[in-house]
Amino acid sequence: GQLFAIFAFATCGGYSGGLRLSVDCANKSESDLNIDIAFAYPFRLHQVNFDAPTCEGKRREKLSLIGDFSSSAEFFVTIAVFAFLYSLAATVVYIFFQNKYRENNRGPLIDFIVTVVFSFLWLVSSSAWAKGLSDVKIATDPDEVLLLMSACKQQSNKCLPVRSPVMSSLNTSVVFGFLNFILWAGNIWFVFKETGWHSSGQRHPPDTMEKQPSSYNQGGYNQDSYGPAGGYNQPGSYGQVGEYGQSQSYGQSGPTSFANQI
């Protein structure tokens, strides 16, 4: 995640490019065959100025590109930077503060919420930057920029694109943006498993299964406790036998004493 975030903001935030145009006036001395226009992140193109010949004497006109696409570009880079910093901090916490992380389930819950938020932000920022990049390509298209020049509106002058800007790194930044979205969205499930919600849902069935044997054992203990009680009753019956034995002995002693009296 950290690596993809680095690639995302590096390929976009570190971009600089340019285009070159050629204006060949009917009067060759007024021509300019190398008009270089440079632009870079954050793509405030309306602030990019350049000079172009008018093909009307030596007079030149000041022009600028059209459009401001800084909002989508800066939003994308900002999300990438914060995602990288959070991933770095989370890694440190996982490694060195595992006990604090799991204390009261606060760490996993915060991690889960932040992961969901970053997944959403990656989707929004990548989509916005994809649209912004499409507009940047149109605004820096040499054929479109040539239409801004007054000299190119006269057929006697020849206006040609010499070099188009290279957008490969910006295309890569959009790809990494959506890859980050997939990565963070896929990580939601794994972070959810660390939260108390998943754990409590998994622990209910084992608890009920454990309670059944425990109640059965309690029943067993009751039977065992009942057993000794029965054992105590047996001495009681033995006592009755003893009394019966005493009565027998009393019966025997009766006739004996009577015989002695005779």
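Here the structure is a predicted model, which is why all the values come from computation and not from measurement. (Residues numbered from 1 in each chain as written. Predicted model: local features only at pLDDT ≥ 70, side-chain atom pairs only at ≥ 80, totals over all residues. Heavy atoms only, no water.)

Caption draft 1: Seen up close, the side chain of Thr54. For Thr54, the location among the structural elements is in the loop between β3 (49-53) and β4 (60-64). In this structure the side chain of Thr54 is engaged in a polar contact, spanning 2.7 Å, whose partner is the backbone oxygen of Arg59. Setting aside its immediate chain neighbours within four residues, Thr54 contacts Arg59, Arg60, Glu61, Ser150 and Ala151. (Helix = DSSP H or I, 4+ residues; strand = E, 2+ residues; numbered from the N terminus. Polar contact = N/O pair within 3.5 Å; in protein donor to acceptor, adjacent residues only side chain to side chain. Contact = heavy atoms within 4.5 Å.)

Caption draft 2: Local environment of the pattern of salt bridges. Tallied over the entire structure, the rule returns 7 salt bridges. Of the charged contacts, one joins Asp36 and Arg20 as a salt bridge, the two residues approaching to 2.6 Å between their closest N and O atoms. One end of the pair, Asp36, is in strand β2 (residues 32-40); the other, Arg20, is in strand β1 (residues 16-24), and 16 residues separate them in sequence. On the basis of relative accessibility, which here comes to 45%, the residue Asp36 falls in the partly exposed class. With a closest N to O distance of 3.3 Å, Arg59 and Glu56 form a salt bridge. (Salt bridge = Lys/Arg side-chain N within 4 Å of Asp/Glu carboxyl O. Buried < 20%, exposed > 50% of the residue type's maximum accessible area, 1.4 Å probe, protein only.)

Caption draft 3: Looking closely at the packing of helix α1 (residues 2-13) against helix α2 (residues 70-96). Two elements in contact, α1 and α2, have axes whose closest approach is 9 Å; the angle formed by their N-to-C orientations is 155°. Between α1 and α2, the angle is such that the two are roughly antiparallel. You can see that α1 and α2 cross each other, and the crossing is left-handed. Contacts between α1 and α2 involve Gln2, Ala5, Ile6, Ala8, Phe9, Cys12 and Gly13 from the first element and Ala73, Phe76, Val77, Ala80, Val81, Phe84, Ser87, Leu88 and Thr91 from the second. The residue inventory of the contact of α1 with α2, partitioned by class, reads 12 nonpolar, 4 polar and no charged. (Axes fitted to C-alpha atoms, helices over the stretch in contact; angles between N-to-C directions. Parallel < 35°, antiparallel > 145°, perpendicular 65-115°, else oblique. Left-handed = near helix turned anticlockwise from the far one by under 90°. Nonpolar A, V, L, I, M, F, W, Y, C, P; charged D, E, K, R; others polar.)

Caption draft 4: Quick peek at α1. Taking 1.5 Å per residue, 12 residues should reach 16 Å; α1 reaches 16 Å between its end C-alpha atoms and fits that length. Every buried residue of α1 is listed here: Ala5, Ala8, Thr11 and Cys12. Down the axis of α1, the sector holding all buried residues measures 145°, keeping them to one side. (Expected span 1.5 Å × (residues − 1). Arc of directions from axis to C-beta.)

Caption draft 5: Up close: α2. For α2, spanning 27 residues, the distance from its first C-alpha to its last is 39 Å, which sits close to the expected 39 Å at 1.5 Å a residue. The set of residues buried in α2 consists of Ser70, Ser72, Ala73, Phe76, Val77, Ile79, Ala80, Ala83, Phe84, Ser87 and Ala90.

Caption draft 6: Layout of the sheet that holds β2. Spatial ordering of the open sheet is given by β2-β1-β5, a layout of 3 strands whose pairing is antiparallel. Both outer strands of the open sheet, β2 and β5 (158-163), are each paired with one neighbouring strand and no more. Neighbour to neighbour, the strand axes of the sheet diverge by 25° on average, direction disregarded. Where β1 meets β5, 5 bridges bridge the pair, whose relative direction is antiparallel. When the sheet's bridge partners are listed, Ser22 is paired in β5 with Leu160. (Pairing = 2+ DSSP bridges.)

Caption draft 7: Region of interest: the pairing of β1. Most of β1 sits out of view: 7 of its 9 residues are buried. Examined bridge by bridge, β1 and β2 share 7 bridges and lie antiparallel to one another. Within β2, the position partnered with Val23 by the bridge is Asp32.

Caption draft 8: Expanded view of the UniProt feature "transmembrane region" (unreviewed entry) in the protein chain. According to UniProt, the "transmembrane region" (unreviewed entry) feature falls on residues 75-97, 109-130 and 174-192. Its end C-alpha atoms 31 Å apart, residues 75-97 is made of 96% helix and 0% strand. (UniProt positions renumbered as here; feature names shortened; annotations may be inferred.)

Caption draft 9: Highlighting the packing of aromatic side chains. All told, the structure shown has 12 aromatic pairs when counted by the stated rule. Aromatic side chains Phe9 and Phe84 sit 6.3 Å apart centroid to centroid with 65° between the ring planes, which places their arrangement in the edge-to-face category. With Phe9 in helix α1 and Phe84 in helix α2, this residue pair connects regions lying 75 residues apart in the sequence. The partly exposed category is assigned to Phe9, whose relative accessible area is 22%. Among the aromatic side chains, those forming a connected cluster through ring pairs are Tyr15, Phe39, Tyr41, Phe43, Phe76, Trp122 and Trp129. (Phe/Tyr/Trp six-rings, centres within 6.5 Å; stacked < 30°, edge-to-face > 60°.)

Caption draft 10: Representation of a nonpolar patch on the surface within the structure. A grouping of Val92, Tyr94, Ile95, Phe96 and Phe97 is seen on the molecular surface, where their side chains present a nonpolar patch of about 520 Å² in accessible area. Secondary-structure assignment places Tyr94 in helix α2. Judged by relative accessible area, which is 34%, Tyr94 ranks as partly exposed. (Patch = residues over 30% accessible without salt bridge, like charges linked within 9 Å, V, L, I, M, F, W, Y side chains within 5 Å. Areas by Shrake-Rupley, 256 points an atom, 1.4 Å probe, with all protein chains shown as cover.)

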